[in-house]
Amino acid sequence: MNALSRLPPAQGIAAMQSINITVINPLFMTVFLGTAAACIFLIFSSLKWHQPGIPYLLIGSLLYLVGTVGVTIALNVPLNDALAKVEPGSAEGAKLWASYLVNWTFWNHVRALAAFVAAAFLTIALRYP
């Protein structure tokens, strides 16, 4: 986002609009939603298990679902949808771009932190038999 923020607004908007279209592909969706499905499976499966590592599985899975998938769907995607509707060279686009950069970057950092912490918890869970 730092690189895009250095571009004139029209160019930054056009680049991000292209990124948002390109990222929706089978590989990305499989990894993103496949991980979510695995976390849902772990949550329901772990309710039946009585192992010491179960809290790590639960916390890691919930962090991924809420902090990564939830934030993406509830916050980043609506920002992307709003950006998709503006003309890159318009005054409306430039105004939206200024707030988009701040908001999207903040929520992206939240997602990244949630994914990192979720991965750490799930990795710790692997230590337990």
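Source: prediction; values computed, not measured.

J.: Can you walk me through the environment of Ala10 in this structure?
T.: Structurally, Ala10 is set in helix α2 (residues 9-22). Once the C-alpha coordinates of Ala10 and Trp97 are considered, the two residues, 87 residues apart in sequence, prove to be 8.7 Å apart. Apart from residues lying up to four places away in sequence, Ala10 is in contact with Pro88 and Gly89.

J.: Hey, could you run me through the packing of α2 against helix α4 (residues 54-84) in this one?
T.: When two helices pack together, their arrangement is captured by the angle between the axes and the distance separating the axes. Two numbers describe how α2 lies on α4: the axes approach to 10 Å, and their chain directions differ by 125 degrees. It follows from the interaxial angle that α2 and α4 lie oblique. Crossing of α2 over α4 shows left-handed handedness. Contacts between α2 and α4 involve Ile13, Met16, Gln17 and Asn20 from the former and Asn80, Leu83 and Ala84 from the latter. In terms of residue class, the contact of α2 with α4 is built from 4 nonpolar, 3 polar and no charged.

What counts as what
Counting restarts for each chain, with residues numbered from 1 along the sequence as it is written. At least 70 in pLDDT is required for a residue's local features to be given in this predicted model, at least 80 for side-chain atom pairs to be given and counted, and no such filter applies to totals for whole chains, interfaces and linings, which use all residues. Note that water and hydrogens are dropped before the side-chain values are worked out from all heavy atoms of the structure. Strands here are runs of E lasting at least two residues and helices are runs of H or I lasting at least four, both read from the DSSP assignment and numbered beginning at the N terminus. Note on definitions: a residue-residue contact is assigned when non-hydrogen atoms from the two residues lie within 4.5 Å. Fitted lines through C-alpha atoms give the axes, limited to the stretch in contact for helices. The angle between two N-to-C directions lies from 0 to 180 degrees. Under this scheme an angle from 65 to 115 degrees is roughly perpendicular, one under 35 degrees roughly parallel, and one over 145 degrees roughly antiparallel; angles in between are oblique. Take the far helix as your reference; a near helix turned counterclockwise from it by less than a right angle gives a left-handed crossing, and one turned clockwise gives a right-handed crossing. Ten residue types, Ala, Val, Leu, Ile, Met, Phe, Trp, Tyr, Cys and Pro, are classed as nonpolar, four, Asp, Glu, Lys and Arg, as charged, and the remainder, Gly among them, as polar.

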